[in-house]
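# Coordinates in review
Spelled out from the first residue to the last, the chains are:
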Amino acid sequence: MQIARSLGATVVGVCSTRNVERVLALGADRVIDYLEALAAMMAGGELRPVIDRHYPLARVAEAIAYSETGRAQGKIIVDID
């Protein structure tokens, strides 16, 4: 960030609420608090969850093995009920 600013770039930082002041202090021109942005997007119905697979708890080992393949195209859900 500091190098980009020294070269004349406009820097936008993305961080959690607790790091906003730090990112600004490091030289960001603008900071997006992803926690606030995420909450706003969820409240506005702008996010769509992407679920790859569901597994029952009894097959959790299979879910972990699938996760470790790196092939998941979304979240892997383990149902505990």
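Look up a bit, the structure's there.
An account of the accompanying structure is given in this report. The structure presented is a predicted model; accordingly, all values stated were derived computationally and were not measured.

This part is about the overall build of the protein chain. Each helix and strand in the protein chain was counted, giving four helices and four strands. Starting at the N terminus and walking to the C terminus, you meet the elements of the protein chain as α-β-α-β-α-β-α-β. Scaling as 2.2 N^0.38, a compact globule of 81 residues should have a C-alpha radius of gyration of about 12 Å, whereas the protein chain reaches 19 Å, well beyond that. Overall, the protein chain is about 55 × 30 × 20 Å in size when its C-alpha atoms are taken along their principal axes. Expressed as a percentage of contacts within the protein chain between residues at least 6 apart in sequence, the contacts between residues at least 24 apart total 16%.

Taking the backbone nitrogen of Leu35 as reference, a side-chain oxygen 2.9 Å away marks Asp33 as the first, capping residue of helix 3 (residues 34–43). Gly45 sits one or two positions beyond helix 3 and adopts a positive phi of about 70 degrees.

Let us look at the pattern of salt bridges. Where charged atoms from two side chains of opposite charge come close, those side chains can pair. In total, this model carries three salt bridges according to the counting rule given. Between Arg53 and Asp52 there is a salt bridge whose closest N-O contact spans 3.2 Å. Exposure remark for Asp52: the relative accessible area of 23% places this residue in the partly exposed category.

Note on placement: Ser16 falls in the loop between strand 1 (12–15) and helix 2 (20–25). According to the relative accessible area criterion, Ser16 is buried, its value standing at 11%. Excluding anything up to four places from it in sequence, Ser16 contacts Asp33, Tyr34 and Leu35.

We now examine the side chain of Asp33. Take Asp33: it is sitting in strand 2 (residues 30–33). It turns out Asp33 is buried and unbridged, and the closest side chain with the opposite charge, Arg18, is 10 Å from it. For Asp33, the side chain forms a polar contact with the side chain of Thr17, separated by 2.5 Å. When near neighbours in sequence (up to four residues on either side) are disregarded, Asp33 contacts Cys15, Ser16, Thr17 and Val20.

Time to look at a nonpolar patch on the surface. Taken together, the side chains of Leu38, Met41, Met42 and Leu47 define a hydrophobic patch exposed on the protein surface, amounting to about 350 Å² of accessible area. Mapped onto the secondary structure, Met41 falls in helix 3. Residue classification places Met41 among the partly exposed residues on the basis of a relative accessible area of 31%.

Cut-offs and rules
Numbers given for residues are sequential positions, taken from 1 along each chain in its written order. Local features in a predicted model are, by the rule used here, given only for residues with pLDDT of at least 70; side-chain atom pairs are given and counted only at 80 or more, and totals for whole chains, interfaces and linings are based on all residues. Note that the side-chain values use all heavy atoms of the structure and ignore hydrogens as well as water. Note on conventions: DSSP H or I runs of at least 4 residues are helices, E runs of at least 2 residues are strands, and numbering of each starts at the N terminus. Only C-alpha atoms enter the radius of gyration; for comparison, a globular chain is expected to reach 2.2 Å times N to the power 0.38, where N is the number of residues. Should any heavy atoms of two residues lie within 4.5 Å, those residues are considered in contact. Pairs of N or O atoms within 3.5 Å make up the polar contacts considered here, provided that, within protein, one atom can donate a hydrogen while the other can accept it, and that residues adjacent in sequence are counted only when both atoms are side-chain atoms. By definition here, a salt bridge exists when the distance from a side-chain nitrogen of Lys or Arg to a carboxyl oxygen of Asp or Glu is within 4 Å. Between buried and exposed lies partly exposed: a residue is buried under 20% and exposed over 50% of the maximum accessible area for its type, with that area taken using a 1.4 Å probe on protein chains only. Positive charges are assigned to Lys and Arg, negative charges to Asp and Glu, while His and the chain termini are left out of the count. Surface patches are defined over residues having more than 30% relative accessible area and no salt bridge, joining like charges when they lie within 9 Å and nonpolar side chains (Val, Leu, Ile, Met, Phe, Trp, Tyr) when within 5 Å. The protein chains shown are the only cover counted for residues, whose accessible areas, like all others here, come from Shrake-Rupley with a 1.4 Å probe.

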